Amino acid sequence: MSSVTLPPGPKLPAVIQTLMWVVAPVKFGKACLRRYGPLFTARIVGFGDVVYISTPDGIRRILRDDAGDFDAAAANESIRFVVGEHSLLMSGGAEHTERRKVLMRPLHGNNVATYVEVMRSIVEQEIRQWTVGSTVRLLNVFQRVTLEVMIRAVFGITDSSRLDRLRQLVPRLLDVNPLIILLPAMRRQFGGFGPWAAFQRLLRETDEIIYAEIRERRAELAVNPDGRGNDVLSILLAKGQDRAGVTDQELRDHMVTLLAVGQETTATQLAWFFERVMRAPGALKQVEAAVFSEDWKVLDAAIHEAIRARPTTLDIGRIASREWKAEGYVFPEGTMFAVSLGLLHLSEDLHPQPENYSIDRFHPVEPPSAHFMPFGGGSHRCLGASLAMIEMRTIISTILRNVRLRPRSATPEGVTPKGPMLVPRRGAEVVIAENHMMAGRE
Ligand code: HEM
């Protein structure tokens, strides 16, 4: 690789760059963007040279990948031990297309729209606990709410002891120690005491619950084939009955994948939504008016602007499976790309004054689709986009219809990494100014 010329990037030692990348990824990414432009190379311990790309055309070409030049599964290899070998994230080509087809129907907008009532009742249960004058960390609330939506609406679990146990296990499972993701050498038992052994115990217990649920639901379906619910697991089980296709292990991997990619992203994005909207002049009033008049276009614009201004992750990975020519470079096979949707959305050229939160960027006229891709694009575009949008609309509108909020402090919350997520440093703290739903008021 010595004769290969990659785009320029910071000259700092790899250890220092890695430290900056771990501690302050957005600051690091923005500083490199300003200095080197939308194509730069960072050196990250554990990954080596990583080419960041945030030009609309480069991103479009990599994500569409018409010629099959890129491998998404190889870039996700570090989480195979969590999501399993049958996960959508671990497949490419025809196998990936097949797996996507399986999940597409239950995650289609028409189906997930039937979850709205459950979503509303879950968030109302939280709102009832909020006393006037108290401080609430919205990130914690949304983590509970999105987990509940996942295990009740998406998995369709009703057994209360399984629900209780998953409520305890899943947050710990998703808070996986980054050392065992980044350093495969850490994946050792160390006499049962290290982070790997602890993680294995968590994973085993979670899997046992999921497998028990699958077995029970299969048995129910065999007795009553028409009695299935519209949760994702039921639909996949019924499909398996038609074509004897979906094994228990595949179902388990699909469920854990949805948890891994769908729960914390939505929770964190919701927290950022409130953090941003409450600090931009007039934005909260504009969103409240939209909620009361059911102007969903304005609410969606406000959600999109929050995703643009405060991404929960900065980039997605791809590895070149063969030589790729672009932007005046010849990238050899094996080049690791960080396709940076986050930096695309924070580009000063494409989104003037990117630090400012403004709903008007998305309403009444939306930016060109190549400049804003909240859910990615191409063959790996987010399968949960409809679910995420419906869930965010429902949760936000239920809160704003019933509660008046103000930020605990006027100072914006910093961006801080928590596992793979970039979360608001104080957890999106708000003070409850009025609550029409407080316990005892009805
Ligand atoms: C605000 C919330 C969300 C955001 C911003 C988001 C964003 C994304 C993005 C950018 C990708 C593309 C990754 C890539 O190209 O490698 C993706 C993939 C995916 N997302 Fe989401 N997502 C969200 C919520 C959800 C939810 C709620 C679910 C389902 C429960 C979900 C399921 C998936 C799946 C299964 C994939 C992989 C698709 C594939 O590889 O074919 N996401 N998401």
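Rules behind the numbers
- Residues numbered from 1 in each chain as written.
- Predicted model: local features only at pLDDT ≥ 70, side-chain atom pairs only at ≥ 80, totals over all residues.
- Heavy atoms only, no water.
- UniProt positions renumbered as here; feature names shortened; annotations may be inferred.
- Helix = DSSP H or I, 4+ residues; strand = E, 2+ residues; numbered from the N terminus.
- Buried < 20%, exposed > 50% of the residue type's maximum accessible area, 1.4 Å probe, protein only.
- Polar contact = N/O pair within 3.5 Å; in protein donor to acceptor, adjacent residues only side chain to side chain.
- Contact = heavy atoms within 4.5 Å.
- Near = heavy atom within 4 Å.
- Nonpolar A, V, L, I, M, F, W, Y, C, P; charged D, E, K, R; others polar.
- Domains from an automatic or database assignment.
- Buried area = accessible area lost by both parts, 1.4 Å probe.
- Salt bridge = Lys/Arg side-chain N within 4 Å of Asp/Glu carboxyl O.
- Axes fitted to C-alpha atoms, helices over the stretch in contact; angles between N-to-C directions.
- Parallel < 35°, antiparallel > 145°, perpendicular 65-115°, else oblique.
- Left-handed = near helix turned anticlockwise from the far one by under 90°.
- Pairing = 2+ DSSP bridges.
- Phe/Tyr/Trp six-rings, centres within 6.5 Å; stacked < 30°, edge-to-face > 60°.
- Lys NZ or Arg CZ within 6 Å of the ring centre and 35° of its normal.

- Within an unreviewed UniProt entry, the label attached to the protein chain reads Cytochrome P450, and the organism entered is Kibdelosporangium aridum.
- Recorded in UniProt under Cofactor (unreviewed entry), the annotation for the protein chain is "heme".

## Some points on the side chain of Thr146
And then number 1: Tracing the sequence through the fold places Thr146 in helix α9 (residues 138-154).
And then number 2: On the accessibility criterion, Thr146 (2% relative accessible area) is buried.
And then number 3: At 3.4 Å, the side chain of Thr146 forms a polar contact with the backbone oxygen of Gln143.
And then number 4: If we skip the residues at most four places from it in the chain, Thr146 touches Gln263, Thr266, Ala267, Leu270 and Glu391.

## Topic: the site of the ligand
And then number 1: If you check the shell around the ligand, you find 25 residues, and the closest are His96, Arg100, Arg318, His380 and Cys382.
And then number 2: At 2.7 Å, a side-chain N or O of His96 approaches an oxygen atom of the ligand.
And then number 3: Within the side chain of Arg100, an N or O atom sits 2.7 Å from an oxygen atom of the ligand.
And then number 4: For the shell around the ligand, the secondary-structure elements that each account for two or more residues are α6 (93-104), α14 (248-277), β5 (316-320) and α18 (385-402).
And then number 5: Here the shell around the ligand gets five residues from one element, more than from any other, and that element is α14.
And then number 6: A per-class count over the shell around the ligand returns 13 nonpolar, nine polar and three charged.
And then number 7: When residues of the shell around the ligand are assigned to domains, at least three map to each of domain 1 (1-83 + 312-345) and domain 2 (84-311 + 346-435).

## Overview of the domain arrangement of the protein chain
And then number 1: Taken domain by domain, the protein chain holds domain 1 (1-83 + 312-345) and domain 2 (84-311 + 346-435).
And then number 2: Across the contact, 30 residues belong to domain 1 and 45 residues belong to domain 2.
And then number 3: Between domain 1 and domain 2, the buried area comes to about 3200 Å², and carbon and sulfur atoms account for 68% of it.
And then number 4: The largest contributions to the domain 1 side of the interface with domain 2 come from Val83, Thr312 and His345, which together make up 29% of the buried area.
And then number 5: Inspection of the region where domain 1 meets domain 2 yields one salt bridge.
And then number 6: Residues Glu355 and Lys30 are paired through a salt bridge, measuring 2.9 Å at the closest nitrogen-oxygen approach.
And then number 7: Linking domain 1 with domain 2 are 13 residue pairs in polar contact (both at pLDDT 80 or more), by the criterion used here.
And then number 8: For the side of domain 1 that touches domain 2, the secondary structure elements donating two or more residues are α1 (14-23), α2 (25-36), α3 (56-64), α4 (72-75), α5 (80-83) and α17 (341-345).

## Description of the environment of Glu85
And then number 1: By the secondary structure assignment, Glu85 is in the loop between α5 and α6.
And then number 2: As for Glu85 and Ile390, which are separated by 305 residues in sequence, their C-alpha atoms are 29 Å apart.
And then number 3: In this structure Glu85 touches Arg80, Met90, Arg99, Gln249 and Asp253, once residues within four positions along its chain are discounted.

## Observations regarding the packing of α9 against helix α10 (residues 160-174)
And then number 1: As a packed pair, α9 and α10 sit with axes 11 Å apart at the nearest point and diverge in direction by 130°. As the angle between them shows, α9 and α10 are arranged oblique. Considering how the two elements wind past one another, α9 and α10 form a crossing that is right-handed. In contact with Leu147, Glu148, Ile151 and Arg152 of α9, α10 contributes Leu163, Leu166, Arg167, Val170 and Pro171.

## Quick notes on the pairing of strand β11 (residues 421-424)
And then number 1: Both strand β10 (residues 415-418) and β11 contribute to a ladder of four bridges, which runs antiparallel. Across the sheet, residue Thr416 finds its bridge partner in β11, namely Val423.
And then number 2: Linking two consecutive strands that pair antiparallel, namely β10 and β11, is a turn of two residues; a positive phi of about 60° is found at Gly419 within it.

## Section: the UniProt feature "binding site: heme" (unreviewed entry) in the protein chain
And then number 1: Following the UniProt record, one finds the feature "binding site: heme" (unreviewed entry) at Cys382.
And then number 2: With respect to the element layout, Cys382 can be found in the loop between α17 and α18.
And then number 3: Cys382 gets classed as partly exposed once you look at its relative accessible area, which sits at 31%.

## Some thoughts on the packing of aromatic side chains
And then number 1: Scanning the entire structure with this criterion turns up 14 aromatic pairs.
And then number 2: Aromatic pair Phe70 and Trp324: ring centres 5.0 Å apart, planes at 80°, arrangement edge-to-face. With Phe70 in strand β3 (residues 70-71) and Trp324 in strand β6 (residues 324-326), the pair connects residues that are 254 residues apart, well separated along the chain.
And then number 3: For the ring pair Phe362 and Phe372, a centre distance of 4.6 Å and an interplane angle of 65° mean the geometry is edge-to-face. Of this pair, Phe362 sits in the loop between α17 and α18 while Phe372 sits in the loop between α17 and α18, and the two are ten residues apart along the sequence. Pair check on accessibility: Phe362 and Phe372 agree, each one buried.
And then number 4: Grouping aromatic residues by their ring pairs yields a cluster made of Phe70, Trp324, Tyr329, Phe331 and Phe337.
And then number 5: Across the ring face of Trp272, the terminal group of Arg310 is positioned such that the distance to the ring centre comes to 5.4 Å.

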